[in-house]
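Inside the fold
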Amino acid sequence: MAIAVRNLTKRLGNFAVEDVSFEVPEGQLVALLGPSGSGKSTILRIIAGLEKADSGEVELTGEDATYMPVQRRGVGFVFQHYALFRHMTIRQNVAFGLEVQRLPKAEIKRRVDELLNLVQLSGYSERYPSQLSGGQRQRVALARALAPRPKVLLLDEPFGALDSRVRDELRSWLRKLHDEVHVTSLFVTHDQQEAFEVSDQIVVLNRGKIEQMGPPQELYERPASPFVTEFLGAVNVLPLDSILSMDTMQDEAPLPVDFPTAGGRARVYVRPHDMELTRQSDGRTGWFAHVRRLTHLGGTVRVELKLLDGTDLLVQLTRERSRELELAEGDDIYVVPRNWKVFEERPRPEDRMQPIEGDYVI
Amino acid sequence: MPALALRGSTLAYLGVMVVLPLAVLAAQSAELGPSAFWKAIFDPFAWHALKLTISTALVMVAINAVMGTATAWVLVRYEFPGKEVMNALIDLPFAVPTVVTGLMLVALYGPSSALGTVLGRAGLGVIYQQPGIVLALLFVTYPFVIRSVQPVLLEVDRGEEEAAATLGASPWMVFRRVTLPTLFPSILTGTALAFSRALGEFGSVVMVAGNRPLETKTGPMYVFGEIESGNRHGAMVVSVVLLATSLGILIALNLIQRRRGGGHGE
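Residues numbered from 1 in each chain as written. Chains lettered and ligands numbered in written order. Predicted model: local features only at pLDDT ≥ 70, side-chain atom pairs only at ≥ 80, totals over all residues. Heavy atoms only, no water.

1. Points about the interface of chain A and chain B
Note the following rule: Here, residues are in contact when the closest pair of their heavy atoms is within 4.5 Å. A 1.4 Å probe defines the accessible area here, and the buried area is the portion of it lost by two parts on being joined, summed over both. Criterion for a salt bridge: a side-chain nitrogen of Lys or Arg within 4 Å of a carboxyl oxygen of Asp or Glu. Whenever two N or O atoms come within 3.5 Å, that pair is a polar contact, provided that in protein one can donate a hydrogen and the other can accept it, and provided that, for residues adjacent in sequence, both atoms are side-chain atoms. The secondary structure listing takes helices from DSSP runs of H or I that are at least 4 residues long and strands from runs of E that are at least 2 residues long, numbered from the N terminus. Just so you know the grouping, Ala, Val, Leu, Ile, Met, Phe, Trp, Tyr, Cys and Pro go in nonpolar, Asp, Glu, Lys and Arg go in charged, and all remaining residues, Gly too, go in polar.
Chain A puts 24 residues into the contact, and the matching count from chain B is 22 residues. Buried surface at the junction of chain A and chain B, both sides included, amounts to about 2,200 Å², of which 59% is carbon and sulfur. It is Q71(A), R86(A) and H87(A) in chain A that bury the most area against chain B; as a group they hold 30% of the surface buried on that side. The partner of E99(A) in a salt bridge is R177(B), with the nearest N and O atoms 2.9 Å apart. If you look at where chain A meets chain B, you find five residue pairs in polar contact (both at pLDDT 80 or more). Of all elements in the fold, only β6 (75–78), α2 (90–100) and α4 (134–146) of chain A reach the threshold of two or more residues within the side of chain A that touches chain B. With four residues, the single largest contributor to the side of chain A that touches chain B is α2(A). Its residues assigned to classes, the side of chain A that touches chain B comprises 14 nonpolar, five polar and five charged.

Structure (structure tokens):
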């Protein structure tokens, strides 16, 4: 394992990292994803040696690094606000980590040229950071971090300070770069789309704890908790009782499965694009609904609906499907769920929602 | 119209208060011609006084640059009980009349004090010697470097220091290659201000120096002494040299900062 973190704990006022363990396999690009205050940056800084954990262990390429000073860890670190040395030229910035190792001048020059080439900034070597745009500065920061051939690359919200167009560009560029360079990378982000686009694996954090980890698609299809479900994208949250007591097209069960613990405080999670709208009953489960509002979003149409019991529901359709249905505001229509997830709230000690049997994919 | 009047009156005020006295001094010192001017500078007593003023100021500046930066560092980077009090005490030397400063130093290090006696026996004369002058200068210029470095240090991007550390730089190397270059202009400003201030320091120095020509008599003391004994020209010439040195430093500082700022300021 390139990076292994075991039982990491750190308390900082009312904010904490609690018993976090995970591993990053050699050569992968892994995202630490979570809302602000979830502890993701703290974990990254502990791995780099910039902060100390209260307890727990950090291992880098198989070597115990828990008590290793930051200088000896051999990590490359990229900061959200670039942190370039402002009184040095771009060349001097990238050369810094090589000069520290007292490499021969000619070798430093060759390596710096190689890296500036890699980040497509060869023509900028004699400029100062203040003369570059945000995206260029972050590429310099990346070149500087990669120059001494770090064992692992750590990126702390690397695109957080950039505007959205540059961010998108740099994101796909980082993925390409990683496919070329193959350095094990761990990056922190609060943007689920960024995590999905770039990473091989995602570690989802909430309040200092790991909620779930796995490949992006797996997290999306099999979220382990309501938090993960909600954090990974828009989702309708419906009380299970009201769904189960709903009138349906042909008196079939509102959800075509049995719930051993039905009732209580369970909720149904269903994503807007995991539902279909139909005008006629066709033997499948369908919930009666009233179209309140249509919003055209280019290729898709967002439909705001109200179920019979007054619950709001959001459905996303393709433009073609909406045209086929001749959908208009004020229509009454059937909603056919294709894919959903039910979580039941368990009493203490955890007081967290647990998945129960019955998630269902058609 | 009021704007014009305001502009005119502030300009006139600057002229009357600052430019006019300077011009008169310069003009009168030059009255007797260049050769008399040079002769007055290279008068052995005047020349020694000028050298002494500059050499004591240089020693003071070297100490201040190091200790002032260190003090600012401690005030910005560490949390400790009494930090607020320490921060408030820094400016105290500005509030102490300089004659009182001299008197305090005499009371502490003077030949009749306990510490002075011990030091004297060890062969370390302070009061009425050159170290006394340096001590007095250090006291009156104490806040300059600290107060000029402190705000800059507060603004330093810790990310740059952290980046350097992750690239393998030791704490000392991080300081030398990343932090110090950022602080350097402010250290330069602080020391230059302290140096200018020291060139003209009279009140405290006259108390501790003992007024011995060719030994502990500084430039400003020489000026005062020559006026007392009727050598107006000699006093003026030495004054002009002190003034020109101060002015030269301020101008040089300005140029250096403009060049740095123009190059790659944020």
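Having seen the model, we can carry on.
2. Description of the confidence of the model for chain B
Residue and element names in this part refer to chain B. Test applied: Confidence scores here are pLDDT values: one per residue, from the predictor, ranging 0 to 100.
On average, residues of chain B carry a pLDDT of 91, and 97% of them reach 70 or more. Confidence drops under pLDDT 50 across residues 262–266; counting only partners more than four residues distant or on other chains, this segment forms 11 contacts. Overall fold confidence for the complex sits at a pTM of 0.82, while the interface term, ipTM, reaches 0.83.

3. Topic: the domain arrangement of chain B
Often, the extent of an interface is quoted as the loss of accessible area upon association of its parts. All names here are of chain B. Quick reminder of the rule: An automatic or database domain assignment supplies the residue ranges for each domain.
When the domains of chain B are assigned, the result is domain 1 (1–31) and domain 2 (34–265). Each of domain 1 and domain 2 was reduced to a C-alpha centroid, and the two centroids are 29 Å apart. Taken together, the contact pairs five residues of domain 1 with eight residues of domain 2. Three residues stand out in domain 1 for area buried against domain 2, namely L25, Q28 and S29, and they jointly supply 79% of the buried area on that side. Between domain 1 and domain 2 we count zero salt bridges in total. The interface formed by domain 1 and domain 2 contains two residue pairs in polar contact (both at pLDDT 80 or more).

4. Looking at helix α1 (residues 40–48) of chain A
All names here are of chain A. Counted only if it meets this: When a residue's accessible area, from a 1.4 Å probe over protein chains only, is under 20% of the maximum for its type it is buried; when over 50% it is exposed; and in between it is partly exposed.
Among the nine residues of α1, eight are classified as buried, and the element is accordingly described as predominantly covered. Those residues of α1 not exposed but buried are K40, T42, I43, L44, R45, I46, I47 and A48. Two residues or fewer after α1 comes G49, characterised by a positive phi angle close to 90 degrees.

5. Some remarks on the domain arrangement of chain A
Per the domain assignment, the segments making up chain A are domain 1 (3–227) and domain 2 (234–355). The centre of domain 1 of chain A, based on its C-alpha atoms, is set 40 Å off from the matching centre of domain 2 of chain A.

6. Describing the side chain of H178(A)
All names here are of chain A. Within the secondary structure, H178 is located in helix α5 (residues 164–181). According to the relative accessible area criterion, H178 is buried, its value standing at 4%. Those residues in contact with H178 that sit more than four places away from it in its chain are G27, Q28, L29, V183, S185 and D200.

7. Details of the environment of D309(A)
All names here are of chain A. When you line up the elements, D309 lands in the loop between β15 (300–307) and β16 (312–318). What makes D309 partly exposed here is its relative accessible area of 39%. Each C-alpha atom of the pair D309 and A145 lies 57 Å from the other, and the pair is 164 residues apart in sequence. In terms of polar contacts, D309 uses its side chain to reach the side chain of T311, at 2.8 Å.

8. What to know about the sheet that holds strand β14 (residues 287–297) of chain A
All names here are of chain A. Keep this limit in mind: Between any two strands, at least two bridges found by DSSP are needed for them to pair. Helix axes are fitted only over the stretch in contact, all axes being lines through C-alpha atoms; the angle between N-to-C directions runs from 0 to 180 degrees.
Pairing is antiparallel in the open sheet, where five strands are placed in the order β13-β17-β14-β15-β16. In this open sheet, the two strands that pair with only one neighbour each are β13 (275–278) and β16. Here the strands of the sheet are splayed against their neighbours by 45 degrees on average, with no regard to which way each runs. Relative to strand β17 (residues 332–337), β13 runs antiparallel, the two being bridged by four bridges. Paired with M275 across the two strands is P337, which belongs to β17.

9. Structural notes on the sheet that holds strand β4 (residues 55–60) of chain A
Residue and element names in this part refer to chain A. The antiparallel open sheet is built from four strands, whose spatial order is β2-β1-β4-β5. Edge positions in the open sheet fall to β2 (15–24) and β5 (63–64), since each of these has one partner strand only. Taken together, the two bridges between β4 and β5 define a ladder with antiparallel strand orientation. Residue pairing in the sheet places E59 in a bridge with D64 of β5.

10. Quick notes on a nonpolar patch on the surface
All names here are of chain B. Quick note on the threshold: Distance thresholds for patches are 9 Å for like charges and 5 Å for nonpolar side chains (Val, Leu, Ile, Met, Phe, Trp, Tyr), applied to residues having over 30% relative accessible area and no salt bridge. Working definition of accessibility: Shrake-Rupley area with a 1.4 Å probe, residue cover restricted to the visible protein chains.
Where nonpolar side chains cluster on the molecular surface, the patch consists of L11, Y13, L14, V16, M17, V18, V19, L22 and L243 and spans about 840 Å² of accessible area. Examining the composition of the nonpolar patch, we find that eight residues originate from one element, helix α1 (residues 2–30), more than from any other. Secondary-structure assignment places L11 in helix α1.

11. Describing the pattern of salt bridges
Where charged atoms of side chains with opposite charge meet at close range, the side chains can pair. All names here are of chain A. Following the criterion strictly, the structure yields 34 salt bridges over all chains and no others. For D179, the salt bridge is made with R175, and the minimal N-O distance between the two is 2.9 Å. A residue pair is termed a helical-turn pair when its members lie 3 or 4 positions apart in one helix, as D179 and R175 do in helix α5 at four residues. You can call D179 partly exposed: its relative accessible area is 41%.

12. Considering the pairing of β6(A)
All names here are of chain A. Covered by surrounding structure in β6 are V75 and F77 together with G76 and V78, the residues of both alternating faces. Where β6 and strand β7 (residues 152–156) come together, four bridges link them in parallel fashion. The residue bridging F77 from the neighbouring strand is L154, located in β7.

13. Description of the packing of aromatic side chains
Rule in force here: Pairing of aromatic side chains requires ring centres within 6.5 Å, counting the rings of Phe and Tyr and the six-membered ring of Trp. Pairs whose planes differ by under 30 degrees are stacked, by over 60 edge-to-face, and all others tilted. The rule for a charge over a ring is simple: NZ of Lys or CZ of Arg within 6 Å of the ring centre, and within 35 degrees of the ring normal.
In the structure shown here, the tally under the stated rule is 13 aromatic pairs over all chains. Aromatic pair F77(A) and F79(A): ring centres 4.6 Å apart, planes at 45 degrees, arrangement tilted. Each member of the pair, F77(A) as well as F79(A), carries the same accessibility label: buried. Three or more aromatic residues joined by ring pairs make a cluster, and in this case those are F37(B), W38(B), F42(B) and W47(B). Stacked on the ring of F85(A), the Lys or Arg R144(A) has its end atom at 4.5 Å from the ring centre.

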